[in-house]
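Next come the chains, spelled out residue by residue.
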Amino acid sequence: PARVALMTSLLGALLARLNLAAGDPARADHLPEPYVRFRHLIESRLHDRPTVAQCADQLGYSTRTIDRACQTVAGRTAKELINERITLEIRRLLTHSELGVTRVGASFGFADASSFSKFVQRHLGASPSEIRDDGLALGPS
């Protein structure tokens, strides 16, 4: 159930991002500017794992403004959106790249394998090795 909810949420975020990338003016005009700028910043700093406070400072908004925009558009907090996007990229790298688990963790600034494993376990419900093995079992898509 948690995995299904996560994948549904990630799919929704991906579809929203594709709408923005496609330049759908009807959709883009209705998104709050803080949300759009926040999502762009997350993409550009993904491997830095920015905090909401760092994003707010860089964008010139309060954390509350960013959270409010995220709640309005996505129904989740800014921190949840950051973690969802990071976990999506981690899952992608673990299942679709040749990078070792330690290397994937290091690319996101995790100081050690233990910290990376705890993050992945908490957000994806499985160890990095299990994520990689599940991806291999699924085969190419």
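Residues numbered from 1 in each chain as written. Predicted model: local features only at pLDDT ≥ 70, side-chain atom pairs only at ≥ 80, totals over all residues. Heavy atoms only, no water.

Caption draft 1: Quick peek at the nonpolar core. In this structure, Phe38, Ile90 and Phe108 are the most contacted members of the largest nonpolar core, which totals 32 residues. Elements with a contribution of two residues or more to this core: α1 (2–21), α3 (33–44), α4 (52–59), α5 (63–74), α6 (78–96) and α8 (113–124). When residues of this core are assigned to their parent elements, the largest contribution, 7 residues, is made by α6. In contact with Phe108, not counting residues within four places along its chain, are Leu46, His47, Arg49, Ile86, Glu89, Ile90 and Leu93. (Core = buried A, V, L, I, M, F, W, Y, C linked by side-chain atoms within 4.5 Å. Buried < 20%, exposed > 50% of the residue type's maximum accessible area, 1.4 Å probe, protein only. Helix = DSSP H or I, 4+ residues; strand = E, 2+ residues; numbered from the N terminus. Contact = heavy atoms within 4.5 Å.)

Caption draft 2: The arrangement of unusual backbone geometry in detail. Of note, the phi angle at Arg49 is positive, near 50 degrees, even though the residue is not glycine. As for its position among the elements, Arg49 is in the loop between α3 and α4.

Caption draft 3: A look at the pattern of salt bridges. The full count for this structure, using the stated rule, is 5 salt bridges. Linking Glu89 and Arg92 is a salt bridge whose minimum nitrogen-to-oxygen distance equals 2.6 Å. Remark: Arg92 and Glu89 occur in helix α6; sequence separation between them is 3 residues, near one turn of the helix. Judged by relative accessible area, Glu89 falls into the buried class, the value being 9%. (Salt bridge = Lys/Arg side-chain N within 4 Å of Asp/Glu carboxyl O.)

Caption draft 4: Examining the environment of Gly60 more closely. Within the secondary structure layout, Gly60 lies in the loop between α4 and α5. Gly60 gets classed as exposed once you look at its relative accessible area, which sits at 63%. Sequence separation of Gly60 and Pro34 is 26 residues, and the distance between their C-alpha atoms is 9.4 Å.

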